[in-house]
Amino acid sequence: MNMRAILLFAFVALLFIGTGFVQSWNVALTIFNMGLISAIMALGVNMQWGYAGLFNVGVMGFVALGGLATVLVASVPNTEALSAGGLRIAAALALGGATILAAILAWTRLRRYRGWVVAAILFAGFFLFRAVLDPGVAAVEAVNPARAGNIGGLGLPVLLAWPVGGLLAAGAAWIIGKTALGLRSDYLAIATLGIAEIIIAVLKNEDWMARGVKNVIGLPRPVPYEVDLQASPAFREVVTEFGMDPVTGSTIAVKLAYAGLFGVVLLVLIWLTQAALASPWGRMMRAIRDNEVAAEAMGKDVTRRHLQIFILGSAVVGMAGAMMTTLDGQLTPGTYQPLRYTFLIWVMVIVGGSGNNWGAVLGGFLVWWLWVQVEPLGALLMQGITAGMADGSWLKAHLQDAAAHMRLLTMGLVLLLVLRFSPRGLLPEK
Amino acid sequence: MEPLDALVAFANFVLVPGAAYGAQLALGALGVTLIYGILRFSNFAHGDTMAFGTMAVILTTWGLQSAGIGFGPLPTALLALPVGIAACAVLVLLTDRAVYRFYRAKKAAPVIFVIASLGVMFVYNGLVRFIIGVDDQSFADGERFLISARDFKEMTGLEEGLAIKTTQGITVVVAVIVVVVLFWFLNRTRTGKSMRAYSDNEDLALLSGINPERVVVYTWLIVAALATIAGTLYGLDKSFKPFTYFQLLLPIFAAAIVGGLGSPLGAIAGGFVIAFAEVTITYPLKKVLGYLMPEALEPDGLVQLLSTDYKFAVSFVILIIVLLFRPTGLFAGKSV
Amino acid sequence: MSGGNAYQDDRGNKDRSITRAGGGTMVRGKAPADRVTTANAFLIGDSMTGGYGSGPDILHDCTIAVDPGEIAVIVGPNGAGKSTAMKAIFGMLNLKRGSVRLDGEDITALSPQDRVVRGMGFVPQTSNIFTSLTVEENLEMGAFIRRDDFRDTMAQIYDLFPILKDKRRQPAGELSGGQRQQVAVGRALMTKPKVLMLDEPTAGVSPIVMDELFDRIIEVSRTGIPILMVEQNARQALEIADRGYVLVQGANAHTGTGKELLADDEVRRSFLGG
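Source: prediction; values computed, not measured.

1. Here we look at the overall build of chain B
Looking only at helices and strands, chain B features 14 helices and two strands. Scaling as 2.2 N^0.38, a compact globule of 336 residues should have a C-alpha radius of gyration of about 20 Å, and chain B matches this with 21 Å. Counting only C-alpha atoms, chain B reaches 70 × 55 × 35 Å along its principal axes. Burial statistics for chain B: of 336 residues in total, 56% are counted as buried.

Here's what the structure looks like:
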């Protein structure tokens, strides 16, 4: 960390402290917690893009998988639904997997008519899969549809969902990477773009899994509830000493607890990534990036390394996704949009500095702060612009409504300006 | 068994909508493929370029409508098209001057252009939402049907009706005209040939005295026209919503890649492949099969292979299959 | 990656679904302050010293010239700077000293494109045709800078290379190696250049095709246009050369007519294998 980095981080810290004083500490901490998660997401994307030039535009999908993991691990088990259709669904999924395995086997083993055989296997497998799955799904969804209608979770501690989210994302990344990076020229960007949309479509439509667009709410939390804190005399005593009322004190205490948890994860990840970069493995990654042909000539398996880093980066993103769902306490598939969960993370990485882990973290905090604050700032600006206009005029109403869309415009401009005038980002890779 | 009815039902629910959607995708994919061929990057802002052009058309249409100007049985939006194309052309040319030209002069890596196009995508997206909002806008007017299901039934005496919406007819006709004009331009005119030459071999094009900046300007003009027309046709056929246009990016990219990136012919083929696959697989085939099979075997379910929400999955699976078995796309080896 | 152009750093990205490799590589060279005139000819690269970018000098006081009706050939061992000398004359090298003059006019400071306009026809060694365009379209693109009727020129080229007339509707990329070179030369001739420069026209073709190509080049030369070419096949090239330049390490080692050089013992020993 050099002077420039320290100054920039101090500047971002100032933004958050300023928010605390001007707006409220509650707002500042809300932004800060999401900033921590954004920083972790940016770290994951930076591993892929910064170390290996992998253009992953499916960040949203991995984030959503992390969210799914939280539901599956931590929500209350629904034994009734499981006994009604769980077995069928499990059997159908196994069948689906077996079909794909059989197709791959047929493709690699057979010589004649293999195209037809594979097509037949897939065709038959698909209908079999649907035949087994559909009744199971119907049975599960029929159980208490207003409140559950899904298979529920394992009821395990929610913190366990974070590594599981990472694992789930890593699994998806393995499948994508195996396919897209194995092609003669890699087609990763379009593959990730598609997979992300598919993951969201699955989350929205497969109600039996996580209730689809009906959302899962009330996920367990790793930190105490505000009402419990307010009820605790010891807590009230401490808070009053700081001169706060118990309600404000409890919300801030909860947010601080989250910040602590997320902070620990972020610090561990930074430490790991920095250590990895300095290790022989990191040197090899950079060698591959700077001269793939030479690295290949020296016997490095470039595709394998790319696959490795793609999986690692995606796992980090998946973990951040699980953390985000934990923070929200709910999974709402309808809110996953590529501009917010894929491309905004890219803005963070590019603005922060491609290839620099600290840069990614800085970008995560800075861009997230901007994303949140542009809206009130835009509204203020619009009020200023429209102050002279007659009340009730069409343009005035339109402009004030439109202020909400300022953030997309601003993010685009920030990305374009940084890319042009500081192409290596605010904190360039050394 | 009523095979004729089955055919009509199939045409009504799959062929006609598929053809219209295919034509819209093909026009979108042509724009993407032209930029890829000549400027050498995939333009992530293409969906939003379409949205902007369409927005300009919609605003003009509203203006015309309030002035009492119509286009008879045809949608007024067709009259507004030139204005929309002009607005879109101004926008993309300004963008090129402000953003892309700088990177061309620096001989930037193509992936840097892609990242720049992400920024442009955000800006366009914000711009469109800023001006027209995020809501659905329906702007089709004029006659609704070329043939309505009832007329068709009366004409043919069949049990099953075939309806062709005016917008579907217009989509196909306009797309054919646009494609013919585009191919004539690329293959017969001096400027068109110079664009193909530049795409093929930049150094040699320079040596032949072809001015790259002129080629780029022409490319953007064509892209603006294609994007506006594709977006307007899509909006007439369905409806205009900025977010939907952004999401069109995936099927459009898929179409361009399936056809072979950089190949205009491939973009058209890819557009129809993706569209028909999407419509067929997400449409409940119960009716068609009901006419085809003996009564005893008639399916009781909807026979919808996948829910419509999985249409992205369809384009994606086709994309993966094509890439696995024919990595350069259906029309490989030909660039613009 | 330190230094360099941050805009060219793709971080090793090879994704063909979003980027297309193979953009233009042609770089315009810098002209020297120190212009030298030591000799005179229709086209002359006079006392050229310089190299690529900020790299070391590759040419050292190298002079190459050609007059109308002549074929001038540059030969020499590998790495002698033959192609570099050609590129220097075409304005793609940073010269520290020397000058390039065409028809008595100093063109040292012109860009390669401007030199084409002034009458230089250049056929690069590789990627010298538009593979996806038809043969006829290749020729039309050669005539891009001409605003007059170029059908006569095209007819002349079809006379010179009859095979191209038969294949004019075929994409040039589908042609054989020798035919591609004919397209490349034909494309360069479409501007009606005052001088034709060929960079290793026979690289990678069979001996029979090579002989045919040399015959064609002699025919082109008979139309009166001066030809400057770089050749690997030194013996055959010197046989048709009116002027021969043997370069060694970027400097003129031997100069003379083709016959003189072929007869020169030292040239034969060192470069022609006895």
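Here the narrative resumes, following the displayed structure.
2. Here we look at the interface of chain C and chain A
With 12 residues of chain C at the interface, the matching set in chain A holds 19 residues. Residue composition of the side of chain C that touches chain A, grouped by class: four nonpolar, three polar and five charged.

3. Remarks on the sheet that holds strand β6 (residues 120–123) of chain C
Residue and element names in this part refer to chain C. Read across the sheet, six strands follow the order β6-β7-β8-β3-β9-β10 without closing on themselves; strand pairing throughout is mixed. Sheet topology places β6 and β10 (251–256) at the edges, where each strand pairs with a single neighbour. Adjacent strand axes in the sheet meet at a mean angle of 15°, parallel and antiparallel pairs treated alike. Taken together, the five bridges between strand β9 (residues 243–248) and β10 define a ladder with antiparallel strand orientation. Paired with Leu 247 across the strands is Asn 252, a residue of β10.

4. A few points about the interface of chain B and chain C
The interface is formed by 31 residues belonging to chain B together with 31 residues belonging to chain C. Going through the elements one at a time, α4 (110–132), α7 (190–200) and α8 (202–207) of chain B are the ones with two or more residues in the side of chain B that touches chain C. Across the side of chain B that touches chain C, the residue classes break down as 15 nonpolar, seven polar and nine charged.

5. Some details on the UniProt feature "transmembrane region" (unreviewed entry) in chain B
Residue and element names in this part refer to chain B. UniProt's feature table lists "transmembrane region" (unreviewed entry) at residues 20–39, 51–71, 77–96, 108–132, 168–186, 215–236, 248–277 and 312–333, given in the numbering used throughout. As annotated, residues 51–71 has a helix share of 76% and a strand share of 0%, and its two end C-alpha atoms lie 23 Å apart. For residues 108–132, helix accounts for 92% and strand for 0%, while the C-alpha atoms at its two ends are 34 Å apart.

6. Some words on the pairing of strand β4 (residues 94–102) of chain C
All names here are of chain C. Taken together, the seven bridges between strand β1 (residues 43–51) and β4 define a ladder with antiparallel strand orientation. If you follow Leu 43 over to β4, its bridge partner there is Leu 102. Counting the residues that bridge the hairpin from β4 to strand β5 (residues 105–106) gives two residues, and of these Asp 103 lies at a positive phi of roughly 55°.

7. Regarding the nonpolar core
Ranked by size, the top nonpolar core spans 312 residues in total, and within it A:Ile40, A:Val347, A:Leu415 and C:Met197 carry the most contacts. Among the elements that line this core, the one with the most residues is helix α1 (residues 3–38) of chain B, at 19 residues. If we ignore the near neighbours within four places in the chain, the residues touching C:Met197 are C:Met86, C:Ile89, C:Phe90, C:Met120, C:Gly121, C:Phe122, C:Val123 and C:Leu228. Membership of the second largest hydrophobic core comes to 12 residues, among which are A:Ala81, A:Ile89, A:Val132 and A:Val137.

8. A word on the sheet that holds β1(C)
Residue and element names in this part refer to chain C. Taken in spatial order, the four strands make up an open sheet running β2-β1-β4-β5, and their pairing is antiparallel. A strand with exactly one partner marks an edge of an open sheet, and here the two such strands are β2 (59–66) and β5. Packed on one face of the sheet, helix α1 (residues 82–89) meets β1, β2 and β4 and runs near 70° to β2.

9. Re unusual backbone geometry
Within the chain, B:Arg40 stands out as a residue other than glycine whose phi angle is a positive 70°. By the secondary structure assignment, B:Arg40 is in the loop between α1 and α2 (46–66). For C:Gln249, which is not glycine, the phi dihedral falls at a positive 50°.

10. Looking at helix α12 (residues 280–290) of chain A
Residue and element names in this part refer to chain A. Every buried residue belonging to α12 is among Met 285, Arg 286, Ile 288 and Arg 289, and all of these are buried. Looking straight down α12, one finds its buried side chains confined to an arc of 160°; they lie on one side. Across α12 from its buried face, at more than 90 degrees, point the exposed residues Pro 280 and Arg 283.

11. Re the environment of B:Val120
Within the secondary structure, B:Val120 is located in helix α4. It is 13 Å that separates the C-alpha atoms of B:Val120 and B:Arg101, two residues lying 19 residues apart in sequence.

12. Notes on the domain arrangement of chain A
Frequently, the measure chosen for interface size is the accessible area that the parts lose on association. Residues and elements named next belong to chain A. Along its sequence, chain A is organised into domain 1 (3–77 + 152–421) and domain 2 (78–151). Placing the centre of domain 1 and that of domain 2 at their C-alpha centroids yields a distance of 33 Å. Opposite the eight residues of domain 1 that make contact, domain 2 presents 11 residues. The residue makeup of the side of domain 1 that touches domain 2, split by class, is five nonpolar, one polar and two charged.

13. Quick look at the confidence of the model for chain B
All names here are of chain B. The predicted model of chain B averages 90 in pLDDT, with 96% of residues at 70 or higher. Put simply, helix α13 (residues 286–292) is where chain B has its lowest mean pLDDT, 76, and helix α3 (residues 77–105) is where it has its highest, 97. Here the predicted complex scores 0.93 on pTM and 0.93 on ipTM.

14. What to know about the packing of α7(B) against helix α3 (residues 135–142) of chain C
Where α7(B) meets α3(C), the closest approach of the two axes is 10 Å, and the angle between their N-to-C directions is 100°. Of the possible angle classes, the one that applies to α7(B) and α3(C) is roughly perpendicular. Between α7(B) and α3(C), the contacting residues are B:Lys193, B:Ser194 and B:Ala197 on the first element and C:Glu137, C:Glu140 and C:Met141 on the second. Tallied by class, residues from the contact of α7(B) with α3(C) come to two nonpolar, one polar and three charged.

The rules behind the values
Residues numbered from 1 in each chain as written. Chains lettered and ligands numbered in written order. Predicted model: local features only at pLDDT ≥ 70, side-chain atom pairs only at ≥ 80, totals over all residues. Helix = DSSP H or I, 4+ residues; strand = E, 2+ residues; numbered from the N terminus. Rg over C-alpha atoms; globule rule 2.2 N^0.38 Å. Buried ≥ 20, exposed ≤ 12 C-beta atoms within 10 Å, placed from the backbone. Contact = placed C-beta atoms within 7 Å. Nonpolar A, V, L, I, M, F, W, Y, C, P; charged D, E, K, R; others polar. Pairing = 2+ DSSP bridges. Axes fitted to C-alpha atoms, helices over the stretch in contact; angles between N-to-C directions. UniProt positions renumbered as here; feature names shortened; annotations may be inferred. Core = buried A, V, L, I, M, F, W, Y, C linked by C-beta atoms within 7 Å. Arc of directions from axis to C-beta. Domains from an automatic or database assignment. pLDDT = per-residue confidence, 0-100. Parallel < 35°, antiparallel > 145°, perpendicular 65-115°, else oblique.

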